Amino acid sequence: MMTVPAFRARKGSPQPLVVLTACDAMTTAAAEAAGVDALLVGDSLGMVELGYESTLPVTMDDMVHHTKAVGRRRREALLIADMPWLSYHLGAKAAVENAARFVREAGVDAVKIEGGAKRLEVIRALLDAEIPVMGHLGLTPQSVLKMGGYKVQARTADAAAALIDDAIAIAEAGVFSIVLEGIPSTLSGRVTASVAVPTIGIGAGPDCDGQVLVIHDMLGMLPGGAPKFVRRYADLHATATDAIRRWADDVRGKTFPSSDESYG
Ligand code: KIV
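Residues numbered from 1 in each chain as written. Predicted model: local features only at pLDDT ≥ 70, side-chain atom pairs only at ≥ 80, totals over all residues. Heavy atoms only, no water.

Describing the side chain of R10
Within the secondary structure, R10 is located in the loop between α1 (4–8) and β1 (17–21). Other than its neighbours up to four places away in sequence, R10 contacts M2, Q15, P16, L17 and D37. (Helix = DSSP H or I, 4+ residues; strand = E, 2+ residues; numbered from the N terminus. Contact = heavy atoms within 4.5 Å.)

Side note on the sheet that holds strand β8 (residues 210–213)
The strand order around the closed barrel built from 8 strands is β1-β2-β3-β4-β5-β6-β7-β8, with neighbouring strands paired in parallel fashion. Going from strand to strand, the sheet's axes swing by 25° on average, the running direction of each strand aside. Pairing of β1 with β8, which is carried by 4 bridges, proceeds in the parallel orientation. Looking across to β8, one finds that V18 is bridged to Q211. On the sheet, helix α4 (residues 60–73) packs against β2 (38–41) and β3 (78–82) and is oriented at approximately 155° with respect to β2. (Pairing = 2+ DSSP bridges. Axes fitted to C-alpha atoms, helices over the stretch in contact; angles between N-to-C directions.)

Observations concerning the pattern of salt bridges
Counted according to the given criterion, the structure contains 8 salt bridges. Salt-bridge contacts for K11 lead to D209; the nearest nitrogen and oxygen are separated by 2.8 Å. Linking K11 in the loop between α1 and β1 with D209 in the loop between β7 (199–202) and β8, this pair joins segments that are 198 residues apart in sequence. The exposure class assigned to K11 is partly exposed, which follows from its relative accessible area of 24%. For D209, a relative accessible area of 8% gives the class buried. Ionic pairing is found between D61 and R101, a salt bridge with its closest N-O pair at 2.9 Å. Within this pair, whereas D61 is found in helix α4, its partner R101 is found in helix α5 (residues 92–106), the two being separated by 40 residues in sequence. The network of salt bridges with common partners includes D61, R101 and E105. (Salt bridge = Lys/Arg side-chain N within 4 Å of Asp/Glu carboxyl O. Buried < 20%, exposed > 50% of the residue type's maximum accessible area, 1.4 Å probe, protein only.)

Concerning the site of the ligand
Lining the immediate environment of the ligand, one finds T21, L40, G42, D43, S44, D82, K112, H136, V179, I202 and V214. One of the side-chain nitrogen or oxygen atoms of D43 is found 3.1 Å away from an oxygen atom of the ligand. Surface burial for the ligand is 96%, taken as the share of its 260 Å² of free accessible area covered by protein chains. Here the shell around the ligand is built from residues that sort into 4 nonpolar, 4 polar and 3 charged. (Near = heavy atom within 4 Å. Polar contact = N/O pair within 3.5 Å; in protein donor to acceptor, adjacent residues only side chain to side chain. Areas by Shrake-Rupley, 256 points an atom, 1.4 Å probe, with all protein chains shown as cover. Nonpolar A, V, L, I, M, F, W, Y, C, P; charged D, E, K, R; others polar.)

Things to note about the nonpolar core
Counting 55 residues, the largest nonpolar core has F102, V111, I178 and L180 as its most contacted members. At 7 residues, helix α8 (residues 157–173) tops the list of elements feeding residues into this core. I178 has contacts with G135, H136, L137, A167, I170, A171, V195, V197, P198, T199 and I200, leaving out every residue within four places of it along the chain. Counting 16 residues, the second-largest nonpolar core is a separate cluster that includes L78, M134, V179 and I202. (Core = buried A, V, L, I, M, F, W, Y, C linked by side-chain atoms within 4.5 Å.)

Concerning the packing of α5 against helix α6 (residues 120–128)
Close contact between α5 and α6 brings their axes to 9 Å; oriented N to C, the two are set at 45°. Between α5 and α6, the interaxial angle falls into the category oblique. Remark: the crossing between α5 and α6 carries right-handed chirality. Of α6, the residues touching α5 (which contributes A92, A95, V96 and A99) are E121, V122, A125 and L126. Residue classes in the contact of α5 with α6 are distributed as 7 nonpolar, no polar and 1 charged. (Parallel < 35°, antiparallel > 145°, perpendicular 65-115°, else oblique. Left-handed = near helix turned anticlockwise from the far one by under 90°.)

Some remarks on a negative patch on the surface
Together, D249, D250, D260 and E261 make up a region of like negative charge exposed at the surface. Structurally, D249 is set in helix α11 (residues 236–252). The exposure class of D249 is partly exposed, given its relative accessible area of 46%. (Patch = residues over 30% accessible without salt bridge, like charges linked within 9 Å, V, L, I, M, F, W, Y side chains within 5 Å. Lys, Arg positive; Asp, Glu negative; His and termini not counted. Charge placed at Lys NZ, Arg CZ, Asp CG, Glu CD.)

This is the structure in structure tokens:
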């Protein structure tokens, strides 16, 4: 079973860490069977499962509901839950109470929060409550209104330097790993070389200690295109649509169910 110390110890390992989102028993079973190192119940589930336009409407109850399902089916992988918007912005006490729900109700190993040095107080409070924390820098989807859309971040020298400072600050505060999302590859390499904890990239190029993708994106579970950084390994939406269409044809043509598919 993967643990937080074992995950952290993979910093700089020649074998990159493999992290994948999961949101229910089905996605967890597939990811576990494929041997991923960690399962992230990302608040992206608000967009890919719940049909919202952003992650901002996602609540603690939404996240706990899905994380419990993942927790029931998890066997070996590290289990990390995303703290949704406003669950850690209203003070350290509220953040600890919300994070504790993931531990108590869903059995997570760690929580993830977005943001750099401005989150130090919350990070320290969570660690003080013995809850391991993963950081998340760069394109932080909960800042979509401030960013004005989902755009690659830290393209200027000043913004890149600020992001490196943020990474060093949260790493020194004790996060066990940092997600780097939507930043130039060269910057990811600089961050990875600057911190003593594993960096996990998404849309951040190859120079990270590991990679994460949203399972719905890499399996093509939804119609429509995918962002540039996604590699599609399946087209499950097309496969499912074809299967349902063939079944519907069989029902309408009265060839389903057959006598073999019926009780005597
Ligand atoms: O919500 C999410 O799925 C995430 C990953 C993209 C890192 O935060």
